[in-house]
Every structure is written in structure tokens, then in C-alpha cells.
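Coordinates in review
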Amino acid sequence: MKSDNPRILVTGGAGFIGSNYARMILRSLTSCELVILDKFTYSGSKLTLVDIADDPRVTIVEGDICDVSAVNRALEGCDAVVNFAAETHVDRSLIDPASFIHTNVHGTWVLLEAVRQHYEVRFVQVSTDEVYGAVLSGQSVETDLIHPRNPYSASKAGAEMMAIAYAESHGVDVVITRGSNTYGPYQYPEKFIPLMITNVIEGRTIPVYGDGLQVRHWIHADDHARAIHTALLHGKSGEIYNAGSDDERTNISVARAVVDLLGASDDLIEHVTDRPGHDRRYALSSDKLRSLGWEPSWTFDEGIKQTVDWYRENSDWWRAVRDASFEEYYQSNYGGRTAMSPSDTDQE
Ligand code: TYD
């Protein structure tokens, strides 16, 4: 991709990682053009783009990656496409898997097909560590077999496979990134970290699934955005790159850190019925991406503090993006779960 004044299509640019990527690019490249294509669903709001919408380097297009003509129009003149557009919440994929297959698999295919037919661009498929499935010890490397265990991760694995197929069969210049659990500003408040922060601010309990000893690697959105851009600029065609931090935490320890930073009581933490098929642990080795010159800059302790402060200072944003459907979702996901006493769990 030309590094001088590139034009990049950012699909799903009003979502969490996509909007952080757009901001990072605008901060670091004075001369560039970003085309943000977003369907503006419940988790991708125009409010998320308010601070960059008037930037002359940005064009915002409302459209769906499943819509062939919208995709073809958006790709016009671009040097690269970074596909962030996806349904991403595991819990929702257990309730409504069809929309995950539609957007994540079919939508990725529509993009790949448009590229194959008309455009010579590099295609970055933003994927997830969840495709590896639960990893009880050690760290996943890119050559490991994948073993997705929920409809969300299966749909992301399907998208990856389609991207690889287009690289192998049609020579499309594809690079795939697999990021670990990401946190930071502008994450829709149904994901674990912003859910906890906003619930504590509102004096609600925070629901921790099962014993809370599930383990995740947490990466700050800014580090994740830089990782994706490193893969775009320097990744080898047809290759996969893990993007994770070494900050490995149990969910319960993250819950305690959030409660602590907000000066609240641990009593707000409520263990509830576990998520079905809940992957016990994800962990990535990112040596391959590090060899391209990337490394994370945030420690979890610094990043979680910055994130908590951001949600404290931006309550207008998160209150506004949670529309009426949020409470409906909350009821459907949490209403049927029963609170568990600590003795019902294996907690330390
Ligand atoms: P989530 O943000 O949904 O990401 P993922 O499932 O993709 O890792 O959840 C992060 C972890 O937090 C995961 O182990 C599930 C757990 N979790 C809870 O314990 N309670 C909750 O209310 C949510 C949303 C997640």
C-alpha cells in the first residue's frame, strides 16, 4: 500500500475498534483519506464519530457491507480496506446467531468479491483470538488449529476462511489479524468492561459469569489499532498475525479493579449463571507481529484507569448510545440468570 496519502476504507468505522483505528490514523498521518462505511446499528452510533466527522480527510458513508453497490461505491479510489464491520458480542450470538452469519460471513464475502472483481487493494480482515477456542495453557500461535466454540467465533472463523480462500484462489492480497479482548474508550456498554463501569456508576450490580476465574488477555484499543495498521503496512500477503498483550487477568480480578477504581464496594459484584460454552481462557503469542516492529504501549493497570476515567467523563456518550433496545437486551441476557453465592462457585 502506498504510505504517502493512502485512501483507506474502514468498514464498521463507527464501532469500537474501527473508530479507535480511524482516530489513530488521523492522529498519526497528516495526509490520508478515510472512507468510513458503517450500517449504524445499535453498537455503531453517529455519536461515536462526532469528533472526526468534520475532518476534511474523512468521508462517512451509511451502508451495509452486505450491499454490493454500497461496497463498490465505497471502495472507489481506495488503496486498502480494513474490515471491522461485524456483529461481535458472544452473548448476542447465543440469542440471535443469524445476524452474525449474515454480516460476518456473507458481508466479508461481499467485500472480498468486490475486491476480486474491481479493485487492487490490500484487504485486512480484523478477526479475534476467539477462533482458537479455549486455550487452557500456553499461548496460541498462528499455525494452531482453530476450534471456535460459539456462534460468534464460528462466524469470525468462517470470514477468515473465506478471506484465505480468496487469497489462495483469486490472488486477493489478504492479511488477517486476530486480536485479544479489547478495552478502551467508545466500547458499547454491553461488553464486560464498559458494562461494569457504567453499572457501578449507576449503582447497579455487576454480573460476573460463574466463578469469574475465566482468563482473558486484555489489549487497549489504541494498541490494537496500531497492531492492525502494522499488519496492513508490513504484513505478508496471506498471513495471519495475532495481536495481544501479555496482560492476562481473571474476570473477577478485572471486576475488582473496576470497583476499586470507582471507589465502590465489592458487594456490587454478583456471580450469576455462567454463559453456555464459555471459553475458560484465551491467550495469544504476538511474537510474529512484534517481529514487524509493533508492541503494545499500555499496561492494563494504566489502560483500565484511563478507560474508567473516560467513561466517567463521557457519560453523555454512553447514556445516549444505549437506546431503548439496551434494556430489552439486558433483560433477555441477564433476566433468566440466577445469582450464585460465593460457595456455589470455585472462587479463590
Ligand atoms: P466479553 O466482553 O463478552 O468478551 P468475550 O466473551 O469475547 O471474551 O466478555 C469478557 C469476559 O467477561 C468473558 O469471559 C465473559 C465475561 N463476562 C461476564 O462475566 N459478565 C458479563 O456480564 C459479560 C458481558 C461478560
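Quick look at the structure, then. (Residues numbered from 1 in each chain as written. Predicted model: local features only at pLDDT ≥ 70, side-chain atom pairs only at ≥ 80, totals over all residues. Heavy atoms only, no water.)

Some points on the site of the ligand
Looking at the ligand, there are 18 residues lining it, with Glu130, Pro207, Arg275, His278 and Tyr334 nearest. The separation between a nitrogen atom of the ligand and a polar main-chain atom of Pro207 is 2.8 Å. With respect to the ligand, the side chain of His278 contributes an N or O atom lying 2.7 Å from an oxygen atom. Within the complex, 97% of the 510 Å² of free accessible area of the ligand lies under protein. Sorting the residues of the shell around the ligand by element identifies helix 3 (90-95), helix 6 (192-201) and strand 8 (206-209) as the ones contributing at least two each. Counting residues per element, the shell around the ligand draws most heavily on strand 8, which supplies three residues. Looking at the shell around the ligand residue by residue, the class counts come to eight nonpolar, four polar and six charged. (Near = heavy atom within 4 Å. Polar contact = N/O pair within 3.5 Å; in protein donor to acceptor, adjacent residues only side chain to side chain. Areas by Shrake-Rupley, 256 points an atom, 1.4 Å probe, with all protein chains shown as cover. Helix = DSSP H or I, 4+ residues; strand = E, 2+ residues; numbered from the N terminus. Nonpolar A, V, L, I, M, F, W, Y, C, P; charged D, E, K, R; others polar.)

Quick look at the packing of helix 6 against helix 10 (residues 300-313)
Closest axis-to-axis distance for the helix 6/helix 10 pair is 10 Å, and the angle between their directions is 50°. Classified by the angle their axes make, helix 6 and helix 10 are oblique. Considering only the axes of helix 6 and helix 10, their crossing is right-handed. Of helix 10, the residues touching helix 6 (which contributes Ile193, Pro194, Ile197, Thr198 and Ile201) are Phe300, Ile304, Thr307, Val308, Tyr311 and Arg312. By residue class, the composition of the contact of helix 6 with helix 10 is eight nonpolar, two polar and one charged. (Axes fitted to C-alpha atoms, helices over the stretch in contact; angles between N-to-C directions. Parallel < 35°, antiparallel > 145°, perpendicular 65-115°, else oblique. Left-handed = near helix turned anticlockwise from the far one by under 90°. Contact = heavy atoms within 4.5 Å.)

Here we look at the pairing of strand 2 (residues 33-38)
In terms of burial, strand 2 is largely enclosed, as five of its six residues are buried. As defined by bridge partners, strand 1 (residues 7-11) adjoins strand 2 across five bridges and the pair is classed as parallel. Its bridge partner lying in strand 2, Leu9 is registered against Val35. Taken together, the five bridges between strand 2 and strand 3 (residues 58-62) define a ladder with parallel strand orientation. Directly across from Val35, in strand 3, lies its bridge partner Thr59. (Buried < 20%, exposed > 50% of the residue type's maximum accessible area, 1.4 Å probe, protein only. Pairing = 2+ DSSP bridges.)

As for helix 12 (residues 324-334)
Because an α-helix packs 3.6 residues into every turn, residues spaced three or four apart end up facing the same way. Buried within helix 12 are the following residues: Phe326, Tyr329, Tyr330, Asn333 and Tyr334. Seen from one end, helix 12 has its buried residues packed into an arc of 105°, which puts them on one side. Facing away from the buried side of helix 12 by over 90 degrees, the exposed positions are Ala324, Glu328 and Gln331. Those residues of helix 12 that are buried are in contact with helix 3, helix 6 and strand 8. (Arc of directions from axis to C-beta.)

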